[in-house]
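Fold and contact review
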Amino acid sequence: MIAAQLLAYYFTELKDDQVKKIDKYLYSMRFSDETLRDIMQRFRIELVKGLGRDTNPTAALKMLPTFVRSIPDGSEKGDFIALDLGGSNFRILRVKVSHEKKQTVQMESQIYDTPEDIIHGSGTRLFDHVAECLGDFMEKQNIKDKKLPVGFTFSFPVHQTKLDEGHLTTWTKRFKASGVEGMDVVKLLNKAIKNRGDYDADIMAVVNDTVGTMMTCGFDDQRCEVGIIIGTGTNACYMEELRHIDLVEGDEGRMCVNTEWGAFGDDGRLEDIRTEFDREIDRGSLNPGKQLFEKMVSGMYMGELVRLILVKMAREGLLFEGRITPELLTKGKFETKHISAIEKSKEGLTKAREILTRLGVEPSTEDCIAVQHVCTIVSFRSANLIAATLAAILKRLKENKGVARLRTTVGIDGSLYKMHPQYARRLHKAVRRLVPDSDVRFLLSESGSGKGAAMVTAVAYRLAEQSRLIAETLAEFRLTTEQLLEVKKRMRIEIQNGLSKSTQDTATVKMLPTFVRSTPDGSENGDFLALDLGGTNFRVLLVKIRSGKRRTVEMHNKIYAIPLEVMQGTGEELFDHIVHCISDFLDYMGMKNTRLPLGFTFSFPCRQTSLDAGILVTWTKGFKATDCEGEDVVGLLREAIKRREEFDLDVVAVVNDTVGTMMTCAYEEPTCEIGLIAGTGSNACYMEEMRNIEMIEGDDGRMCVNMEWGAFGDNGCLDDIRTEYDRAVDDFSLNPGKQRYEKMCSGMYLGEIVRNILIDMTKRGFLFRGQISETLKTRGIFETKFLSQIESDRLALLQVRSILQHLGLDSTCDDSIIVKEVCGAVSHRAAQLCGAGMAAVVDKIRENRGLDHLKITVGVDGTLYKLHPHFSGIMHQTVNELAPQCDVNFLLSEDGSGKGAALITAVGCRLRQELNNK
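Given the structure is predicted, the values throughout are model-derived calculations rather than measurements. (Residues numbered from 1 in each chain as written. Predicted model: local features only at pLDDT ≥ 70, side-chain atom pairs only at ≥ 80, totals over all residues. Heavy atoms only, no water.)

1. Observations regarding the overall build of the protein
Looking only at helices and strands, one finds 30 helices and 26 strands in the protein. Since a compact globule built from 918 residues should have a radius of gyration of about 29 Å, the 39 Å found for the protein marks it as more spread out than a globular shape. With the C-alpha coordinates of the protein rotated into their principal frame, the extents come out at 130 × 70 × 50 Å. A burial count over the protein gives 59% of its 918 residues as buried. Taking the intrachain contacts of the protein between residues at least 6 apart in sequence as the baseline, contacts between residues at least 24 apart amount to 70%. (Helix = DSSP H or I, 4+ residues; strand = E, 2+ residues; numbered from the N terminus. Rg over C-alpha atoms; globule rule 2.2 N^0.38 Å. Buried < 20%, exposed > 50% of the residue type's maximum accessible area, 1.4 Å probe, protein only. Contact = heavy atoms within 4.5 Å.)

2. Comments concerning the pairing of strand 5 (residues 149–154)
Within strand 5, six of the six residues are buried, which leaves it mostly tucked inside the rest of the structure. Residues Pro149, Gly151 and Thr153 point to one face of strand 5 and Val150, Phe152 and Phe154 to the other, with burial holding for every one of them. Taken together, the five bridges between strand 2 (residues 78–85) and strand 5 define a ladder with parallel strand orientation. What sits directly across from Leu85, in strand 5, is Phe154. Looking at chain direction, strand 5 and strand 8 (residues 202–207) are connected through five bridges and run parallel. Bridging from a neighbouring strand, Phe152 pairs with Val206 of strand 8. (Pairing = 2+ DSSP bridges.)

3. Considerations on the sheet that holds strand 23 (residues 682–689)
Pairing is mixed in the open sheet, where six strands are placed in the order 14-24-23-22-25-26. This sheet does not close on itself; its edge strands, each paired only once, are strand 14 (512–513) and strand 26 (886–892). Across seven bridges, the pairing between strand 25 (residues 854–861) and strand 26 is parallel. The residue of strand 26 that forms the bridge with Gly859 is Leu891. On top of the sheet, helix 29 (residues 871–882) reaches strand 22 (672–678) and strand 26; it is set at about 160° to strand 26, its chief contact. (Axes fitted to C-alpha atoms, helices over the stretch in contact; angles between N-to-C directions.)

4. A closer look at the packing of aromatic side chains
The final tally for this structure, using the stated rule, is 21 aromatic pairs. Here the aromatic rings of Trp171 and Phe175 are separated by 5.4 Å at their centres, their planes lie at 25°, and the arrangement is stacked. An aromatic cluster is defined as three or more aromatic residues linked by ring pairs; in this entry it consists of Phe152, Phe154, Phe156, Trp171 and Phe175. In this arrangement the basic side chain of Lys558 is found over the ring face of Tyr588, its NZ or CZ atom lying 4.6 Å from the centre. (Phe/Tyr/Trp six-rings, centres within 6.5 Å; stacked < 30°, edge-to-face > 60°. Lys NZ or Arg CZ within 6 Å of the ring centre and 35° of its normal.)

5. Considerations on empty space enclosed by the protein
Inspection of every chain in the model, using the stated rule, returns three cavities of 30 Å³ or more. In this structure, the largest cavity spans a volume of roughly 90 Å³. Lining the largest cavity are Leu64, Pro65, Thr66, Phe154, Phe156, Val158, Gln160, Val206, Val207, Asn208 and Asn258. Taken as a whole, the second largest cavity encloses approximately 50 Å³ of empty space. The wall of the second largest cavity is formed by Phe602, Phe604, Cys606, Gln608, Val654, Val655, Asn656 and Asn706. Class assignment for the residues of the lining of the second largest cavity results in five nonpolar, three polar and no charged. (1 Å grid on protein atoms, 1.4 Å probe; cavity = no way out; pocket = protein on both sides within 12 Å on 5 of 7 lines; lining within 4 Å. Points joined across faces, edges and corners; volume = space filled by probe spheres on them. Nonpolar A, V, L, I, M, F, W, Y, C, P; charged D, E, K, R; others polar.)

6. Digging into the packing of helix 4 (residues 123–140) against helix 5 (residues 185–196)
Where helix 4 contacts helix 5, the two axes come as close as 9 Å, and the packing angle between them is 60°. Our classification of the angle between helix 4 and helix 5 gives oblique. Crossing of helix 4 against helix 5: the hand is right-handed. Packed against helix 4, whose contacting residues are Phe127, Asp128, Val130, Ala131, Glu132 and Leu134, the element helix 5 presents Val185, Leu188, Leu189, Ala192, Ile193 and Arg196 at the interface. Of the residues belonging to the contact of helix 4 with helix 5, the class tally is nine nonpolar, no polar and three charged. (Parallel < 35°, antiparallel > 145°, perpendicular 65-115°, else oblique. Left-handed = near helix turned anticlockwise from the far one by under 90°.)

7. Some details on the pattern of salt bridges
Counting across every chain of the model gives 71 salt bridges. With a shortest N-O distance of 2.7 Å, Lys295 and Asp282 are connected by a salt bridge. Within this pair, whereas Lys295 is found in helix 8 (residues 292–297), its partner Asp282 is found in helix 7 (residues 276–283), the two being separated by 13 residues in sequence. The exposure class of Lys295 is buried, given its relative accessible area of 2%. (Salt bridge = Lys/Arg side-chain N within 4 Å of Asp/Glu carboxyl O.)

8. Some thoughts on unusual backbone geometry
A positive phi angle is found at Glu362, which is not glycine, with a value near 45°. Here Glu362 lies in the loop between helix 11 (348–358) and helix 12 (365–401). For Glu362, a relative accessible area of 57% puts it in the exposed group. Phi is positive for Glu708, which is not a glycine, with a value near 50°. Note on placement: Glu708 falls in the loop between strand 24 (702–706) and helix 21 (724–731).

9. Re the confidence of the model for the protein
Residues of the protein with pLDDT of at least 70 account for 96%, and the chain-wide mean is 87. Mean pLDDT values for the elements of the protein range from 60 in helix 1 (residues 2–25) up to 96 in helix 16 (residues 481–499). (pLDDT = per-residue confidence, 0-100.)

Shown next, in the form of structure tokens:
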């Protein structure tokens, strides 16, 4: 018993002593975490250089774009073929992806030999060989008559410009087929297939084995966005934001980048950590000065590194009592698989003795312990270096996503990672130390890169099909110039129907006279009160207008909310609430005892019989107060003021917000004779010739007509351009069948149209992995302000994702791109329709005045016009294209329609005064 303990103690002491001796000898191969963090930083600098257009040519990391823009989302299906060419064996797979209850993958594969004379022969022979093997495989599978999509895993550095095009940069791994470097390998393979003529294949993707690994693992775990190979060679790829990849056009979404990280350090950046053994390996390699990082870490060189260390130690008498044998001096005699065997925890020392004995060095126990520790240091260094470069990529992903904690999956393949007993554990531990703010799952690629090529093809196939169907859906929203001219023509017809006595009753565009006969002339003067009711907020304003040389307008206002129960309660409750707000404002301003002239901006369709009388035709914008439709709103307001018995007001004018906007802008710009609201609702007004307004006596002068154009199309004249989504929004609205034009182009409904499209696309499996969230089912959840935010050019897709996440939609990058496209299509059509309506108005004014050319200004207000990044531009462009004889200027109304109401009141008071003076 005691003897056994003594022996164990002696052995432990011996081991510790040997380990210390080796540690000291190979001190330069052992890195502190501080050094690893420094390497991490160096790699990040190189990575950025490789992504930059100007810095890429001289960068060691080539950061090659792969044109793989998406990882599998679980909805792929179909029958695919994958070719895997990257070593002495050439593999062909048939991959069937099906969807019964869950996604399943069936694979059948065959391995074909690639003889030396073909590897070193001509490119034509090599690709003829590949085409011959593919023909043989298809015959055995009985699929020669089918044209199946093919993915081509080509594990050599390739410069890609498209997913299905790849130019070989340089051969590696003993391949030397002539006439291929610089050529497109897909073209060469297609040519070889065509020359045979006995089958057809659709090569959809050329893929690097690292990308194949990421895609294989991405099929099992959709969080996988990094792929790594640690085998004979080493490389990594990851999903980079497209906006950072200068070598590729566009900045929407992500793309997988093949780092080709084996070349890290080729520019001298790793000189301080390379040892004499690394330099010796490089000198004796096929490509001196190249792939320096790979030569420090990959399976191809690791055994040789250990051999060189053992030779030097033996020469210095530190091992094998100084014995050096011809075997030990022979290159390639100590292989990486020997390192894996020697480092096994139980039989490692026995294996060391066997291997060293085969090298003829007659090892002692101390020698075996020392060699085991040399192997450990070399393989540990490899795991640490890979951990540092991988950690740099993970940190990059975390920054790209702007998250506090990264959750991601790394797909890994390669013999060194798989076969070495300690490698994986060491790598994982080092990565977790270097990026503690990340939760990283390491997923072993079970079926190699061939399945990955099929997955890339499956994703490409899915995306191509999906793009086609999405384009088909959104094509309905893309209106041609002919269609827009038709909309303009129909608007002209409806305008005429609204102005004519005989058709006014049945007209959809009501062309309501406002009794505003003049725009401001600058002589207006006095203090006026204005009310502004047209949405969920209600404003009371005091407007002080001063005429003279220095005209000034001073405004004080207060905003009050209108609760939903008041909007949809009784008329009496609504007008009592309004008067209560006025009372509060007059108290606030200390003006309860003054009888002020009042202008009432009432933004609903009104039939006016005079400037101060307006009968409500119909509620819109969610208002439903009873006993108001068909009543004079000024009368209802006066009665409510009476009921309150606190103050008195002189109600001079009831005004539509569109008219208010026109008047506000006309005060600044005399050529302004049109008002446009493009906000929650949509409407326009303009100065029409009195002779054309048949509903009113008199032919002299002009009067502003409130078009109420939101109802355009209520008679079915726009049905040919309405989509199923427009019909759905209309059917579920508060006023089905009414305000159809408004429902296609106003802020209140655009978000709802988008939501309906998103639901349909999710049902069809194009979005959100086919999962419709409860949020998406909620009407009104997708507000129009989200369209403005999502379509902003400055907004990265990341922020689009956060908007969608805020709505409870767990979106991928691809989802964000589609949502952005949908928003764009809906708002583009809205702006075009609005522009077509405006083109009809300006041309009508031009013709009224018998002019060849009209110069006119439109006063505009509304959140959609003001806040949406593209709406105003598209609308202006549409007006220019559809009304080329009109020079139309658009002026933004700064102070809203409330100031306009005060100006109309001021003009009304002025005209009343002029009448009295007569």
